[in-house]
Amino acid sequence: MGNSVIEYLNLVRLHEAYQLLTNTKKSILVISTQVGFPNEKAFTRTFKRIYKVTPTDYRKRLNGKK
């Protein structure tokens, strides 16, 4: 696979979080804990590293806000 177990687990978590951000109105905090991140800061940092945007900014773009 080329990823460590933690990297793979984070990718799985991020995939689920991405779906929740896209399809629900749940808060970032709720999503981060629901998918298994220890806190919102860890979630935001990991999300930004992979998707190059924070979860909040991603959601704003979805809603057409800048």
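Structural data are supplied above this passage.
Residues numbered from 1 in each chain as written. Predicted model: local features only at pLDDT ≥ 70, side-chain atom pairs only at ≥ 80, totals over all residues. Heavy atoms only, no water.

> I would appreciate a short explanation of a nonpolar patch on the surface in the present structure.
Taken together, the side chains of Leu11, Ile50 and Tyr51 make up a nonpolar region of the molecular surface, amounting to roughly 220 Å² of accessible area. Within the secondary structure layout, Leu11 lies in helix H1 (residues 5–23). (Patch = residues over 30% accessible without salt bridge, like charges linked within 9 Å, V, L, I, M, F, W, Y side chains within 5 Å. Areas by Shrake-Rupley, 256 points an atom, 1.4 Å probe, with all protein chains shown as cover. Salt bridge = Lys/Arg side-chain N within 4 Å of Asp/Glu carboxyl O. Helix = DSSP H or I, 4+ residues; strand = E, 2+ residues; numbered from the N terminus.)

> What should I look at first to understand helix H3 (residues 40–51) in this one?
Because the α-helix completes a turn every 3.6 residues, residues three or four places apart line up on one side. The end-to-end C-alpha separation of H3 is 16 Å, in line with the 16 Å expected for 12 residues at 1.5 Å each. The set of residues buried in H3 consists of Ala42, Phe43, Thr46 and Phe47. Buried residues along H3 cover an arc of 125 degrees about the axis, so they all sit on one side. Counted as exposed and oriented over 90 degrees from the buried face of H3: Lys41 and Arg45. The elements touched by buried residues of H3 are H1, helix H2 (28–34) and helix H4 (55–62). Between a side-chain oxygen at the N-terminus of H3 and the backbone nitrogen of Lys41 the separation is 3.1 Å; the capping residue is Asn39. Positive phi shows up at Lys52, right after H3, with a value of about 65 degrees. (Expected span 1.5 Å × (residues − 1). Buried < 20%, exposed > 50% of the residue type's maximum accessible area, 1.4 Å probe, protein only. Arc of directions from axis to C-beta. Contact = heavy atoms within 4.5 Å. Polar contact = N/O pair within 3.5 Å; in protein donor to acceptor, adjacent residues only side chain to side chain.)

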